[in-house]
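Take a look at the letters that make up each chain.
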Amino acid sequence: MTKKLRLVVMASGRGSNFSAIADAIREGALDAEIAALVCDRPKAPVIDKAMACGNMDIAVLTRKGFASRADYDMALADLVFGYDPDVIALAGFMRVLGPEFVGRFPGRIINIHPALLPSFPGLDAQRQALEYGVKVTGCTVHFVDEGTDTGPIILQEAVPVLDEDDEESLSARILEKEHKLYVKALRLISEGKVRMEGRRTLTEDKGL
Ligand code: GAR
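Conventions we followed
- Residues numbered from 1 in each chain as written.
- Predicted model: local features only at pLDDT ≥ 70, side-chain atom pairs only at ≥ 80, totals over all residues.
- Heavy atoms only, no water.
- Disulfide = S-S within 2.5 Å.
- Core = buried A, V, L, I, M, F, W, Y, C linked by side-chain atoms within 4.5 Å.
- Buried < 20%, exposed > 50% of the residue type's maximum accessible area, 1.4 Å probe, protein only.
- Helix = DSSP H or I, 4+ residues; strand = E, 2+ residues; numbered from the N terminus.
- Axes fitted to C-alpha atoms, helices over the stretch in contact; angles between N-to-C directions.
- Parallel < 35°, antiparallel > 145°, perpendicular 65-115°, else oblique.
- Left-handed = near helix turned anticlockwise from the far one by under 90°.
- Contact = heavy atoms within 4.5 Å.

K.L.:
Could you give an account of the state of the cysteines, with specific residues and numbers?
P.N.:
Within the structure shown, the criterion is met by zero disulfides. Cys-53 takes part in no disulfide bond, and the closest cysteine sulfur to it belongs to Cys-39, at a distance of 14 Å.

K.L.:
Let's hear about the nonpolar core: which residues, and what values?
P.N.:
Of all hydrophobic cores here, the largest spans 40 residues; its most connected members are Phe-18, Leu-37, Ile-110, Ile-154, Tyr-182 and Leu-186. In terms of residue count, helix H6 (residues 167-190) provides more of this core than any other element does, nine residues in total. Ala-35, Tyr-72, Leu-76 and Val-144 belong to the second-largest nonpolar core, a separate cluster that totals 21 residues.

K.L.:
Go over the packing of helix H5 (residues 125-132) against H6, please, and point to the residues and values.
P.N.:
Remark: H5 packs on H6, axes separated minimally by 9 Å, with the N-to-C direction vectors making an angle of 120°. In this view, H5 runs oblique relative to H6, as classed from their interaxial angle. The handedness of the crossing between H5 and H6 comes out as right-handed. Contacts between H5 and H6 pair Gln-126, Arg-127 and Leu-130 from the former with Glu-167, Leu-170, Ser-171 and Ile-174 from the latter.

This is the structure in structure tokens:
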């Protein structure tokens, strides 16, 4: 059963994953609408990308002015709740969301991470992979729980690490996969093909 997904995308920076999702919707490859982009940085390039789309709300809420992280997370959750999203897609949202946020949307927040989790969680995942010396890394779409990049995995895609790679070349190779993987995960969710069983996520995955 396919359901048109109502999305809130949360992002902090460049916004290439945001664009991949918006493009897939525009091209009819994903049955969804982005109700709002929610951003924590007023000058993030993703804001211009959302403005260019022209068909969604753009909300900026910075941490400044909130006494604690919990207060900020609560305000953020109120803001997102107002859009009544089916799914909240974190697309380069560079903050760890605490229980005040995550607890409000059980099973409805997903994230993309530029490594094969549980390897290399947190910041600078591509640099971590290079420094560790792995020969294969990749990207992961996963449900968000209260840990840092610890929630149940929906999809993963591997890419090779080449001898001549630096952080930039490796990040670019991973990013290309991220854009496809994120759209694919959202499509599987919209088609009702993603089911969580404890830590495991079962998907009826019939290819891209
Ligand atoms: C992406 O590589 C995404 O996987 C990463 O930030 C980048 C955002 O790029 N996210 C994380 O590292 C989260 N821990 P984008 O703004 O061009 O989509």
